[in-house]
Amino acid sequence: MAGGEENSDGGKSDFHVLVVDDSTVVRMVHRMLMTSLGLKVQEAKNGKEAVDLHINGAYFDLIFMDMEMPIMNGPTATRELRAMGVKSNIVGVTSCTFESAHKDFIEAGLNHCVSKPLTIAMISSFLPDSNNK
């Protein structure tokens, strides 16, 4: 790898990610992938929890938002976060393969929309260049 990497984490330890998914297993897998990249990860079980975290002053550099969740789904949570002025990159994550569903989710205010499962390469593609090395 590039010289000096051992002395610097490229700011990864200061990069905060929120994983929003109603599945405990999905959240656990995504957390393991992200922590292996040196990211700080917090979890929410549904969109309402994600919105509440922001109402209470939390900030995340990147949010991975599931589309279909109970209580508050991903599109609704994304609209609320954007209406609150949240500027974080929000990546929709869905098992739905219908292009129209992706389009509707993106129109809610996503930066990107991807299909499950997330991989290290996929997660890395949403990190600043200094974290991609």
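Residues numbered from 1 in each chain as written. Predicted model: local features only at pLDDT ≥ 70, side-chain atom pairs only at ≥ 80, totals over all residues. Heavy atoms only, no water.

## Re the pairing of strand β2 (residues 40–44)
Move 1: Here 5 bridges tie strand β1 (residues 16–20) to β2, and the two strands are oriented parallel to one another. For Leu18, the partnering residue across the bridge sits in β2 and is Gln42.
Move 2: Note that the unit made of β1, helix α1 (residues 24–36) and β2 has a crossover that is right-handed. (Pairing = 2+ DSSP bridges. Helix = DSSP H or I, 4+ residues; strand = E, 2+ residues; numbered from the N terminus. Right-handed = clockwise from strand over helix to strand, strands pointing away.)

## A look at the sheet that holds strand β5 (residues 112–115)
Move 1: Here 5 strands make up an open sheet; going across it, the order is β2-β1-β3-β4-β5 and the pairing parallel. Of all the strands in the sheet, the pair left with one neighbour each is β2 and β5. Across the sheet, the axes of successive neighbouring strands diverge by a mean angle of 20°, strand direction being ignored.
Move 2: Judged from the 5 bridges that link them, strand β3 (residues 62–66) and strand β4 (residues 89–94) form a sheet pairing that is parallel. Residue pairing across strands places Phe64 opposite Val91, the latter belonging to β4.
Move 3: Its contacts with the sheet put α1 on β1, β2, β3 and β4, and the angle it makes with β2 is roughly 165°. (Axes fitted to C-alpha atoms, helices over the stretch in contact; angles between N-to-C directions. Contact = heavy atoms within 4.5 Å.)

## Quick notes on the nonpolar core
Move 1: Counting 19 residues, the largest nonpolar core has Leu18, Val20, Ile63, Met65 and Leu81 as its most contacted members.
Move 2: Secondary-structure elements contributing two or more residues to this core are β1, α2 (47–55), β3 and α3 (74–83).
Move 3: Once residues within four sequence positions are removed from consideration, Leu18 is found in contact with Gln42, Glu43, Ala44, Ala50, Leu53, His54, Phe60, Leu62, Ile63 and Phe64.
Move 4: Counting residues in hydrophobic clusters, the runner-up holds 17 residues, among them Val41, Val91, Val93 and Leu127. (Core = buried A, V, L, I, M, F, W, Y, C linked by side-chain atoms within 4.5 Å. Buried < 20%, exposed > 50% of the residue type's maximum accessible area, 1.4 Å probe, protein only.)

## Quick word on the confidence of the model for the protein
Move 1: Looking at the protein as a whole, the pLDDT averages 86, with 84% of positions reaching at least 70.
Move 2: No element of the protein has a lower mean pLDDT than helix α4 (residues 99–107), which averages 80, and none a higher one than α2, which averages 98.
Move 3: Long-range and interchain partners of residues 1–11, a stretch whose pLDDT sits below 50, account for 5 contacts in this model, where long-range means more than four residues apart. (pLDDT = per-residue confidence, 0-100.)

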